[in-house]
Amino acid sequence: MRSTTPFRRAAGIVASAGLLAGGLLTLSSPAQAADPEFTIGGPAETALHPYPATGSPRKSSLDITVTNPSEDEENGDFVEEFTVRFDFGKLAGIADVSFDKEGSPDCERTGTTAVCHDYGIRPGLNTLAELQVSAAEGSEDGDWGTIEVTAEAEGAAFRPFTARVSIGGPDLSMKPLPLKTELKPGDSQPVPVTFTNNGTRAAQGVLLTLRNTRGLEFTERYENCEYSEEDLGMGPGTWSTALCTFPGSYEPGATYTLEVPPTLRATERAFYDTLLYRINEDGTDARAALRSGARFSPGKGAKLALREAPAVRSADLDPTDNQQEADFRTTNTADFTAYGDKAAGKPGDTVDVTLGFRNEGPAWIGYIRSGEPVATVDFTVPRGSQVVSKPDICRGVTATGEYREKQEGAPRYFCSTPMSVLEDADFALPFRLKLVSADPGSKGAVVVRNTHLQAPPLPFDPEPANNAAWVELNGEDTDATTGGSGNGGSTATGGSTSSGTSGTNGSTGTSGSTGTTGTSGTSGSGGGSLASTGTGTLAASGAALVALLAGGALFTVSRRRATR
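Undergrad: Quick rundown of the overall build of the chain? Include the residues and the values.
TA: Within the chain one finds 2 helices and 38 strands. Across the 564 residues of the chain, 48% fall into the buried class. Here the analysis covers contacts within the chain between residues at least 6 apart in sequence; of these, 81% occur between residues at least 24 apart. Just so you have it, the chain exposes about 26,900 Å², and 51% of that area is on carbon and sulfur atoms.

Encoded structure:
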């Protein structure tokens, strides 16, 4: 069984042995857990190109899925064998069906039925079987039939699924637009969306999707559109989406364009940005899929009313060409400002420090296509101290930046950002240090740099002088209470004291929520910026192994509202 969603670490551990012991001590009968219920699914309808006059029919993929509703990623697997039955009888003379050998379980087919055996269903959405379907010889435009899928297993229940397969239908194809992609903040241009129906039947109403990243904006909102802002794994408000409805009949062979195209503008925070534009036949299935997980609000003015068209709706013959995208590069900058911290204590104490950087803008930086981290925070541990707790995204390395197996007590740490840093982000990294000695004024450099150690400058940052700061221990001007042995020490006042993260707290290893920003360090104080001549720690020799950790749940970016 192949999962179609990435594996996620569960937030807690279930003490199963303790629960079992508790049940035995009470001498009561254990509660009888209900059998799990799995849901078989797939596309509600798949449209096929009609059988051609010459040549072979065009095949389409039809994936059958099964959903395990358990939210326990570590212990929610269904580990028993199960049987899946396919009934293709209602497609006789309409469509031919075959199993993709690599994406399907062990199946035995007899006539118009198939019986498949598989083992194990992981939590979430899983691919059950991959089918290849094509129009059967002798079928006609408008014919349709169904595939019925059922499953059974001891100790589980399955909701069956029926997939509709039809011959012919609309085929909406979006035209690529000749957009200007090299921009300056404030540049505007029209977006004359154009599409053609290359199918065999009319589309009954269309649904236009316009989706853009936060550096771009449309200058108007329309009454027949609804709007939302979405995360999509890149931070709150990273994407804006408009869903616009157009009733009517859109005929085969005809091309349509917007009478007055909307205007797209590059904002002051634009840098690397993307516009997506998509066309679908309007209907409840398409709208539900595009609205999934987001909250939409109507545009200004009266809401455009829709009425059901008398014609029969059909699925799109080729949904792969319904969408186009454009990438934009705006001449702009983003000022990443590093900050450090101060703390004081005696030998044996543990102290908490928070270090990192803030994006003072004006641009947001997002490497959407590559998914690569935007930057790395390079932290050199002050002498006389050892790291005993760190954020999960930080990896201990040697003093010269090379690979190190043991993570605690490393002399240096590399902490990479996710693939986007918003224009008002605070990338806060909480560390806990144990003081081995009480050296006065012991300092460790904090540098925000490129992810490549050999090329540290940030290409978009106009002020490299503020890319470095200090973490200082037992400085002469450290205004902090001395921490007692094992009490967690004290947090200094020289840098941001925010310990709330959207990833994992370094001190506890438990998932935290977005925190607030503390007092920022000032240049010249122990937690402030280093002079531009004080970044010798970057001149390290040897190859650096930088830990590039993917996944929005593992980074410690806490957003704040910039004060300008």
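Having seen the model, we can carry on.
Undergrad: Which residues make up unusual backbone geometry, and what values go with them?
TA: The peptide bond linking G361 to P362 adopts the cis configuration, its omega dihedral lying at 5°. A positive phi is found at N474, a non-glycine position, where the angle reads about 55°. Relative to the assigned elements, N474 resides in the loop between β37 (468-473) and β38 (557-559).

Undergrad: Pulling in residues and values, what's your account of the environment of N467?
TA: If you trace the backbone, N467 turns up in the loop between β36 (442-449) and β37. Ignoring anything within four residues of it in the chain, the contact list for N467 reads F336, A338, V446, V447, V448, L458 and D461.

Undergrad: I'd like a description of the sheet that holds strand β16 (residues 194-197), backed by residues and values.
TA: Two modes of strand pairing occur in sheets, parallel and antiparallel, and in both the strands are linked by backbone hydrogen bonds. With antiparallel pairing, 3 strands are arranged side by side in an open sheet as β13-β16-β21. A strand with exactly one partner marks an edge of an open sheet, and here the two such strands are β13 (172-174) and β21 (255-257). With strand direction ignored, the average angle separating the axes of adjacent strands in the sheet is 25°. As paired elements, β13 and β16 share 3 bridges and run antiparallel to each other. Looking across to β16, one finds that S173 is bridged to T196.

Undergrad: Which residues make up the side chain of T238, and what are the values?
TA: Looking at the element boundaries, T238 is found in the loop between β19 (225-230) and β20 (239-250). Given the relative accessible area of 0%, T238 is considered buried.

Undergrad: Talk me through the sheet that holds strand β33 (residues 412-416); I want residue IDs and the actual numbers.
TA: The strand order across the open sheet built from 6 strands is β27-β37-β36-β30-β33-β32, with neighbouring strands paired in mixed fashion. Whereas interior strands pair on both sides, the edge strands pair on one side only; in this sheet they are β27 (341-343) and β32 (394-397). Averaged over all neighbouring strand pairs, the angle between strand axes comes to 20°, with direction disregarded. Here 5 bridges tie strand β30 (residues 376-380) to β33, and the two strands are oriented antiparallel to one another. In the sheet register, D378 faces β33, and the bridge partner there is F414.

Undergrad: If you had to explain the state of the cysteines to someone new, which residues and values would you point to?
TA: Counted under the stated rule, the structure contains 3 disulfides. Note that C225 is cross-linked by a disulfide to C244, the S-S spacing being 2.0 Å. On the sign convention where negative is left-handed, the bridge of C225 and C244, at about 110° about the S-S bond, is right-handed. Note that C225 is positioned in strand β19 and C244 in strand β20, a separation of 19 residues in sequence. For C244, a relative accessible area of 5% puts it in the buried group. Linked covalently through their sulfurs, C394 and C415 form a disulfide whose S-S length is 2.0 Å. Since a negative S-S torsion denotes a left-handed disulfide, the C394-C415 link at about 115° is right-handed. Note that C394 is positioned in strand β32 and C415 in strand β33, a separation of 21 residues in sequence. Indicated for the chain is the disulfide connectivity 1-2, 3-4, 5-6, based on numbering the bonded cysteines in sequence order.

Undergrad: Please set out the nonpolar core residue by residue, giving values where relevant.
TA: Membership of the largest hydrophobic core comes to 41 residues, with the highest contact counts inside it found for F336, I365, L429, F431 and F460. Listed by contribution, the elements that provide at least two residues to this core are β26 (334-339), β28 (350-362), β30, β33, β35 (425-435), β36 and β37. Top contributing element to this core by residue count: β35, with 6 residues. Of all hydrophobic cores here, the second largest spans 34 residues; its members include L48, F78, F99 and A129.

Undergrad: Give me the lowdown on the pattern of salt bridges, citing residues and values where you can.
TA: Once their charged atoms are close, side chains differing in charge can pair, the charge on each being opposite to the other. By the definition in use, this model includes 18 salt bridges. With a shortest N-O distance of 4.0 Å, D187 and K180 are connected by a salt bridge. Classification of D187 as buried rests on a relative accessible area of 18%. Since its relative accessible area comes to 47%, K180 is described here as partly exposed. For R214, the salt bridge identified is with E423, shortest N-O distance 2.5 Å. Of this pair, R214 sits in the loop between β17 (203-213) and β18 (216-218) while E423 sits in the loop between β34 (420-421) and β35, placing them 209 residues apart in sequence. For E423, a relative accessible area of 7% gives the class buried.

Undergrad: Just give me the short version of the side chain of T241, but keep the residues and values in it.
TA: Inspection of the secondary structure assignment puts T241 in strand β20. Once residues lying within four places of it in the same chain are set aside, the contact partners of T241 are T209, L210, R211, E226, Y227, S228, E230 and F296.

Undergrad: Which residues make up the packing of aromatic side chains, and what are the values?
TA: Tallied over the entire structure, the rule returns 17 aromatic pairs. Taking the centre distance of 5.2 Å and the plane angle of 65° together, the rings of F38 and F78 count as edge-to-face. Placement of the pair is F38 in strand β2 (residues 37-41) and F78 in strand β5 (residues 78-87), with a sequence separation of 40 residues. For the pair formed by F38 and F78, the shared burial category is buried. Plain terms: the ring middles of F38 and F158 are 5.3 Å apart, the flat faces sit at 55° to each other, and that makes the pair tilted.

Undergrad: Please provide a residue-by-residue account of the pairing of β36, values included.
TA: Most of β36 sits inside the fold, with 7 of its 8 residues counted as buried. Relative to β36, β30 runs antiparallel, the two sharing 4 bridges. Across the sheet, the residue bridging to T376 is R449, located in β36. Inspection of the sheet shows β36 paired to β37 by 6 bridges, in the antiparallel sense. By the bridge assignment, V447 is partnered in β37 with A468.

Cut-offs used in this document
Residues numbered from 1 in each chain as written. Predicted model: local features only at pLDDT ≥ 70, side-chain atom pairs only at ≥ 80, totals over all residues. Heavy atoms only, no water. Helix = DSSP H or I, 4+ residues; strand = E, 2+ residues; numbered from the N terminus. Buried < 20%, exposed > 50% of the residue type's maximum accessible area, 1.4 Å probe, protein only. Contact = heavy atoms within 4.5 Å. Areas by Shrake-Rupley, 256 points an atom, 1.4 Å probe, with all protein chains shown as cover. Pairing = 2+ DSSP bridges. Axes fitted to C-alpha atoms, helices over the stretch in contact; angles between N-to-C directions. Disulfide = S-S within 2.5 Å. Core = buried A, V, L, I, M, F, W, Y, C linked by side-chain atoms within 4.5 Å. Salt bridge = Lys/Arg side-chain N within 4 Å of Asp/Glu carboxyl O. Phe/Tyr/Trp six-rings, centres within 6.5 Å; stacked < 30°, edge-to-face > 60°.

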